[in-house]
Amino acid sequence: MVQKIDMRSTVLSLTILLIGIFIWHVATHVPDTGPKGVVLSQTETDTLLGKNMLPEDIEYYSAQGVEFTQLEQIASLNLSRAMIEAAGGIRALGISVPDENSAPAPGSLFPSPSQIGTELWATVTDPFYVAGTNDMGYGIQMGYSLLRVLIGYSLSAAVAIPLGFLIGMSPMFYKALDPFIQVLKPISPLAWMPIALFTIGDSELSSIFVIFICSLWPMLTNTAFGVANVRSDWVNVARTHELSTTKTALTVILPAAAPTIITGMRISIGIAWLVIVAAEMLVGGTGIGYVVWNEWNGLRLDRMIVAILLIGVVGMLLDTAFARLQRAVAYAE
Amino acid sequence: MTKPYLSIELLTQQFPDGAGGTLTVFENSTFGVEQGEFVCILGHSGCGKSTLMNVLAGLAERTSGAVIMDGEQISGPSLDRGVVFQNYSLLPWLSALKNVMFGVAARHPDWSKAEVQAHSEKYLAMVGLDGDAIHRKPSQLSGGMRQRVSIARAFANHPKLLLLDEPFGALDALTRGTIQDELLKIWNGTNQTVFMITHDIDEAILLADRILLMTNGPFARVAEAVEITIPRPRRREEIIDHPNYYAIRNHLVHFLGSRSNELAGQSGGGTVHTPETIRIDRTGNDPLESDDDPTHPAQLRAVNE
């Protein structure tokens, strides 16, 4: 039965994927009609260049389907493109060029599935190349992001879990710290960015700080909740066995609250991964978030989409790891 | 008179009643338990049995009075007082064996892991658990098996006093019978002092040397201490034929049926409540019994100590 459901769900997933890709393909497909841009030979280009025509102008007009003979006419006008445009375009100057309607349809700017596929393949097969500060393999960029998340998240766990234990075990601390937690928790992590940049200065450390602060709250509140709600029977077992507070915390409360704590950690890693992308867009430099912003600025939508896809995949892997951990510490009562 | 092994003196327990006043569960209760004695306490729900148990275990603070065991005032929980809870209180993330080892390791921190394990396995075997079952988690065990693990955990620690809080309350009648027999078997060999809460009269007669009867609360008190004059070893199918069995049983039923309510206390105003000792023996060889009018052999006797 379960196998049957597994099989059906896989088939359904694949169908949805194929339909999605098909719609995407149709939406971005450019029909192969109308005159194409003119391809000039080397000698023709040289002739035009000899007539003081700018290379970008040659490229611009030939892409519009203007033939060599007309290009020579344009060159003989000895006017810059801006001036020609100001005069009403080349047609107004009496040079016959192909009708605008028959010009090639501007190709869809949004990349097609096949372009993405090519780009994805290139990325996956060579993820670690370095060709300059703005041109590194996504593997390296992903590494920067993961490292920041790892550092910020570990620091956060090192603070949140012991503090959560303290709050959970002591009603006094709970009452004392609750107002601060309630006020600080709803602040968007990125709102901390200016404060971090101003006080810490370093952009690298600032993004780590933002990861730290956004991971803190779910782990803190979940740990406190889990610890405070350990069944009193189990605590009584520890007490009747004369366990010290530390031993009770480690051998009874920790395993009892572990599922709740791991749930908090799982929520936190999800938030941290969301936030690192946004933080890197802000501070720039390196990281997969910066990549998305950089490719957008360069209008390399294909590469941008590949980066976005990879962000999703890495996020899923992080979540899966914590789901495993969650199963490992789960217990049935 | 020397003090009993476990001596509860002038014990009073009060809680806030939620309306600004105080609720007195029991007041100035005084009674004792001898070393090696198996004592059951019987009473209606809400009479404060569990409160008494929590005080003895050290899990609850007493309002006033003293609990003295082996010459020392108790304060807080201790390994000297092992507890078997009604809901087993096994740690669900540990296997049955690990649960027992948890207790043994706490009792003997100097033991090696192998020693702890061997000792734990021995006590699990005594309650009839061995082989594969001891490596299962509590959620994979039946209620009866879980309570066996809990009993093994308590006995393995050789506490000076073993407290059983309605240990068979959540079990079906057949399982209960089996585990009662196992409990008796283990107890026979140990000279273990046991204090057990129950609301099952037959269970109390089968297991106990003495049954303490509690009146209804509030201001509950231990009104009577009924000696079980049935020789050990006892077997459930044999004791019902013993001449004292129904006499004792009827006495208990009468107490719980009507007198527990009639005796339900008001504040005693400082009166010390010691239980009246009841000895019922109709086998004819009790010296006290011989004074009885032979024409009324069925009459019960209540004898003050």
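Nothing here was measured: the structure is a model prediction, and the numbers come from that model.

1. Considerations on the overall build of chain B
Step number 1: When its secondary structure is counted, chain B shows eight helices and 11 strands.
Step number 2: If one aligns the C-alpha atoms of chain B with their principal axes, the spans along those axes are about 60 × 50 × 35 Å.
Step number 3: Within chain B, buried positions represent 54% of all 305 residues.
Step number 4: Sequence-distant contacts, at least 24 apart, represent 71% of the contacts inside chain B between residues at least 6 apart.
Step number 5: Carbon and sulfur atoms make up 50% of the accessible area of chain B, which amounts to about 13200 Å² in all.
Step number 6: The centroid of the 27 positive side-chain charges in chain B is displaced by 7 Å from the centroid of its 37 negative side-chain charges.

2. Brief notes about the domain arrangement of chain B
Residues and elements named next belong to chain B.
Step number 1: The domain architecture assigned to chain B consists of domain 1 (1–76 + 161–305) and domain 2 (81–158).
Step number 2: The centre of domain 1, based on its C-alpha atoms, is set 28 Å off from the matching centre of domain 2.
Step number 3: Contact with domain 1, which involves 28 residues of that partner, is made by 18 residues of domain 2.
Step number 4: With both chains or domains summed, domain 1 and domain 2 bury close to 1900 Å², and 65% of this area falls on carbon and sulfur atoms.
Step number 5: One can count one salt bridge joining domain 1 with domain 2.
Step number 6: Residue Arg 148 pairs with Glu 182 through a salt bridge whose shortest N-O separation is 2.8 Å.

3. Section: the environment of Arg8(A)
All names here are of chain A.
Step number 1: When you line up the elements, Arg 8 lands in helix 1 (residues 2–28).
Step number 2: On the basis of relative accessibility, which here comes to 56%, the residue Arg 8 falls in the exposed class.
Step number 3: On a C-alpha basis, the gap between Arg 8 and Val 292 in space is 35 Å, while along the polypeptide they are 284 residues apart.

4. Digging into empty space enclosed by the protein
Step number 1: The full count for this structure, using the stated rule, is two cavities of 30 Å³ or more.
Step number 2: If you add up the space inside the largest cavity, you get close to 100 Å³.
Step number 3: Along its surface, the largest cavity is lined by Val237(A), Thr240(A), His241(A), Leu79(B), Arg81(B), Gly82(B), Val83(B), Phe85(B), Arg153(B), Ala154(B) and Asn157(B).
Step number 4: Ranked by the residues each element gives to the lining of the largest cavity, the list is headed by strand 6 (residues 81–84) of chain B, at three residues.
Step number 5: Within the lining of the largest cavity, the residues separate by chemical class into five nonpolar, four polar and two charged.

5. Focus on the environment of Pro127(A)
All names here are of chain A.
Step number 1: Relative to the assigned elements, Pro 127 resides in the loop between helix 6 (113–125) and helix 7 (138–169).
Step number 2: By relative accessible area, which is 22% here, Pro 127 ends up partly exposed.
Step number 3: Along the backbone, Pro 127 and Ile 140 are 13 residues apart, and their C-alpha atoms lie at a distance of 7.0 Å.
Step number 4: When neighbours within four sequence positions are excluded, Pro 127 is seen to be in contact with Gly 137, Tyr 138, Gly 139 and Ile 140.

6. Some words on the pattern of salt bridges
Step number 1: With the rule as written, the count across this model stands at 25 salt bridges over all chains.
Step number 2: Note that Glu333(A) and Arg231(A) form a salt bridge whose closest N and O atoms lie 2.6 Å from each other. With a gap of 102 residues between them, Glu333(A) in the segment after helix 14 (301–329) and Arg231(A) in the loop between helix 10 (203–228) and helix 11 (232–240) connect regions that are remote in the sequence.
Step number 3: Since its relative accessible area comes to 58%, Glu333(A) is described here as exposed.
Step number 4: Its salt-bridge partner being Asp80(B), residue Lys160(B) comes within 3.9 Å of it at the nearest N-O pair. Note that Lys160(B) is positioned in the loop between helix 4 (143–156) and strand 7 (161–165) and Asp80(B) in the loop between strand 5 (72–73) and strand 6, a separation of 80 residues in sequence.
Step number 5: Taking the relative accessible area as the measure of exposure, Lys160(B) reaches 30% and is therefore partly exposed.
Step number 6: A relative accessible area of 24% places Asp80(B) in the partly exposed class.
Step number 7: One salt-bridge network, held together by shared partners, links Glu119(A), Asp135(A), Glu295(A), Arg300(A), Asp302(A) and Arg303(A).

Rules used throughout
- Residues numbered from 1 in each chain as written.
- Chains lettered and ligands numbered in written order.
- Predicted model: local features only at pLDDT ≥ 70, side-chain atom pairs only at ≥ 80, totals over all residues.
- Heavy atoms only, no water.
- Helix = DSSP H or I, 4+ residues; strand = E, 2+ residues; numbered from the N terminus.
- Buried < 20%, exposed > 50% of the residue type's maximum accessible area, 1.4 Å probe, protein only.
- Contact = heavy atoms within 4.5 Å.
- Areas by Shrake-Rupley, 256 points an atom, 1.4 Å probe, with all protein chains shown as cover.
- Lys, Arg positive; Asp, Glu negative; His and termini not counted.
- Charge placed at Lys NZ, Arg CZ, Asp CG, Glu CD.
- Domains from an automatic or database assignment.
- Buried area = accessible area lost by both parts, 1.4 Å probe.
- Salt bridge = Lys/Arg side-chain N within 4 Å of Asp/Glu carboxyl O.
- 1 Å grid on protein atoms, 1.4 Å probe; cavity = no way out; pocket = protein on both sides within 12 Å on 5 of 7 lines; lining within 4 Å.
- Points joined across faces, edges and corners; volume = space filled by probe spheres on them.
- Nonpolar A, V, L, I, M, F, W, Y, C, P; charged D, E, K, R; others polar.

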